[in-house]
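Notes for the structure review
These are the residues of each chain, in order.
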Amino acid sequence: MKAVVLGSGSYSGTPKPLCSCENCSRARINPALRRTRFSFYFEGILVDPSPDLHYHLERLNKKVEGVFITHAHFDHIAGFPELQVFKELDVYSHGQGVEMAKRLASLFLGGAAPDNREWRYHRLPFNEWVELEGMRVFHFRTVHRSIENSGGFVFELKGKRIAVTGDTGPEILGDKDALRAMEGADLLVAEMTHRESIPGVHLGVREAIALARKVGAGYTVFAHISHSNYTHEVLEKRLREAKIEGEVARDFTWIEV
Ligand SMILES: [Zn+2]
Ligand SMILES: [Zn+2]
Ligand SMILES: [Zn+2]
């Protein structure tokens with residue numbers, strides 16, 4: 001099964017306008033170092049319609065059938081109206097995520113589903129396995145300040161398990177339910193926003209690596225990387241030193257699961 005990190009960056013992307021840090025300066029010269037906002041895709045499933053979704057879909061050139069939204073921060077949901085190119089769509093999130101998606105569709109597309117479109121919205125409960133067509137999904141809650149509801153997902157399909165942390169504070173390291181669902185996943189997509197963790201907000205490098213160790217995934221891809229984090233090669237070195245089976249995502253990093 002193939003999966004792809006469409007966008008590897010955090011809310012501002014890299015380069016961030018007017019920023020002259022090392023990552024931003026380099027990314028202005030080398031397009032391979034740019035980071036668009038986070039989206040992830042596998043088997044017709046999109047996790048988080050980022051504000052860069054048009055750019056992602058145009059290059060991906062594959063059908064989206066299901067959309068899972070981790071939370072309603074703009075860097076994870078603002079691209080939702082871009083999905084109007086798809087006739088049929090199932091949208092999954094907790095209540096706040098579903099309501100925001102509906103609101104964006106109503107504002108920009110004239111209704112919860114645009115004309116001639118069959119879009120269905122589904123609220124997922126937290127911390128329960130839910131059976132969907134062809135797969136099972138577990139939506140766990142994360143601690144992510146400034147928003148009421150935020151979560152991650154574990155998908156089980158075709159005998160494989162894919163876990164996506166969404167945005168999360170380091171509290172996830174003590175969340176038994178989330179850890180149990182993610183444990184031994186074939187692929188873990190973990191956020192690694194900053195150099196140092198911010199409690200209740202985001203993971204830093206050390207805690208993101210600690211999470212990968214705890215989960216013991218077959219392969220871990222680190223994403224949602226801020227321009228203010230270390231450079232790509234320093235982060236890669238940290239993974240090698242920690243003997244983590246995985247990599248730091250760039251935009252359009254493909255993974256064979
Ligand atoms: Zn984010
Ligand atoms: Zn910068
Ligand atoms: Zn967020």
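Everything in this summary refers to the structure shown in the same document. (Residues numbered from 1 in each chain as written. Chains lettered and ligands numbered in written order. Predicted model: local features only at pLDDT ≥ 70, side-chain atom pairs only at ≥ 80, totals over all residues. Heavy atoms only, no water.)

1. Re the coordination of the zinc ion (ligand 2)
For the zinc ion (ligand 2), the full set of protein donor atoms is Cys19 (SG), Cys21 (SG), Cys24 (SG) and His227 (ND1), at a range of 2.1 to 2.3 Å. In this structure, the zinc ion (ligand 2) is coordinated by four donor atoms arranged in tetrahedral fashion, with angles at the metal of 104 to 116 degrees. Each donor residue of the zinc ion (ligand 2) lies on one chain, and together they are spaced C-x1-C-x2-C-x202-H. For Cys19, a relative accessible area of 16% gives the class buried. Exposure remark for Cys21: the relative accessible area of 22% places this residue in the partly exposed category. (Donors = N, O, S within 2.8 Å, 3.2 Å for Na, K, Ca; no water. Tetrahedral: all angles 85-135°; square planar, octahedral: opposite > 155°, others 65-115°. Buried < 20%, exposed > 50% of the residue type's maximum accessible area, 1.4 Å probe, protein only.)

2. Re the coordination of the zinc ion (ligand 3)
Bound to the zinc ion (ligand 3) on the protein side are His71 (NE2), His73 (ND1), His144 (NE2) and Asp167 (OD), at distances that span 2.1 to 2.3 Å. Between the four donor atoms coordinating the zinc ion (ligand 3), the angles at the centre fall across 89 to 175 degrees, so the site counts as irregular. In the primary sequence, the donor residues of the zinc ion (ligand 3) line up as H-x1-H-x70-H-x22-D. In this structure, the zinc ion (ligand 3) lies 3.5 Å from the zinc ion (ligand 1), and both are coordinated by Asp167.

3. Let's talk about helix H6 (residues 205-215)
Among all positions in H6, only Val205, Glu207, Ala208, Ile209, Leu211, Ala212 and Val215 are buried. Residues of H6 that are buried make contact with helix H5 (176-182), strand S11 (187-191), strand S12 (219-223) and helix H7 (232-241). (Helix = DSSP H or I, 4+ residues; strand = E, 2+ residues; numbered from the N terminus. Contact = heavy atoms within 4.5 Å.)

4. Here we look at the pattern of salt bridges
In the structure shown here, the tally under the stated rule is 16 salt bridges. Lys2 is the salt-bridge partner of Glu256, the closest N and O atoms lying 2.6 Å from each other. With Glu256 in strand S14 (residues 253-256) and Lys2 in strand S1 (residues 2-7), this pair connects stretches of sequence that are 254 residues apart. Since its relative accessible area comes to 53%, Glu256 is described here as exposed. Of the charged contacts in the structure, one is a salt bridge between Arg123 and Glu99, with a shortest N-O distance of 3.2 Å. With Arg123 in strand S6 (residues 118-123) and Glu99 in helix H4 (residues 95-109), this residue pair connects regions lying 24 residues apart in the sequence. Salt bridges linked by common partners bring Glu88, Asp90, Glu118 and Arg120 together as one network. (Salt bridge = Lys/Arg side-chain N within 4 Å of Asp/Glu carboxyl O.)

5. Some remarks on the pairing of S1
Across the six residues of S1, five count as buried, placing the element largely inside the fold. In the sheet, S1 pairs with S14 via four bridges, with the strands oriented antiparallel. Considered in S14, the bridge of Lys2 is made with Glu256. One ladder, built from four bridges, connects S1 with strand S2 (residues 39-42); its direction is antiparallel. Among the inter-strand pairings, Val4 is bridged to a residue of S2, identified as Tyr41. (Pairing = 2+ DSSP bridges.)

6. Structural notes on the environment of Ala223
Here Ala223 shows up in strand S12. Between the C-alpha atom of Ala223 and that of Thr168, which follows or precedes it by 55 residues, the distance is 12 Å. In this structure Ala223 touches Val5, Ser8, Phe38, Val189, Ala190, Glu191, Met192 and Ala249, once residues within four positions along its chain are discounted.

7. Notes on the side chain of Ser50
Residue placement: Ser50 occurs in the loop between strand S3 (45-47) and helix H2 (53-60). Ser50 gets classed as buried once you look at its relative accessible area, which sits at 0%. Only 3.1 Å separates the side chain of Ser50 from the backbone oxygen of Arg37, close enough to count as a polar contact. In this view, Ser50 contacts Arg37, Phe38, Ser39, His56, Asp75, His76 and Gly79; residues no more than four positions away in its chain are not counted. (Polar contact = N/O pair within 3.5 Å; in protein donor to acceptor, adjacent residues only side chain to side chain.)

8. Focus on the sheet that holds strand S4 (residues 66-68)
The strand order across the open sheet formed by seven strands is S6-S5-S4-S3-S2-S1-S14, and the pairing between neighbours is mixed. Lying at the two open borders of the sheet, with one neighbouring strand each, are S6 and S14. Across the sheet, the mean angle from the axis of one strand to that of its neighbour is 20 degrees, orientation sign disregarded. The strands that H2 touches are S1, S2, S3 and S14; relative to S1, the one it contacts most, it runs at about 145 degrees. The strands touched by H4 within the sheet are strand S5 (88-93) and S6, with S6 carrying the most contacts at an inclination of about 155 degrees. (Axes fitted to C-alpha atoms, helices over the stretch in contact; angles between N-to-C directions.)

9. Some words on the nonpolar core
Within the largest apolar cluster, 29 residues are counted, with the highest numbers of intra-cluster contacts made by Met182, Leu188, Leu211 and Phe222. Among the secondary structure elements, those contributing two or more residues to this core are strand S8 (135-141), H5, S11, H6 and H7. In terms of residues, this core owes the most to one element, H6, which gives six residues. (Core = buried A, V, L, I, M, F, W, Y, C linked by side-chain atoms within 4.5 Å.)

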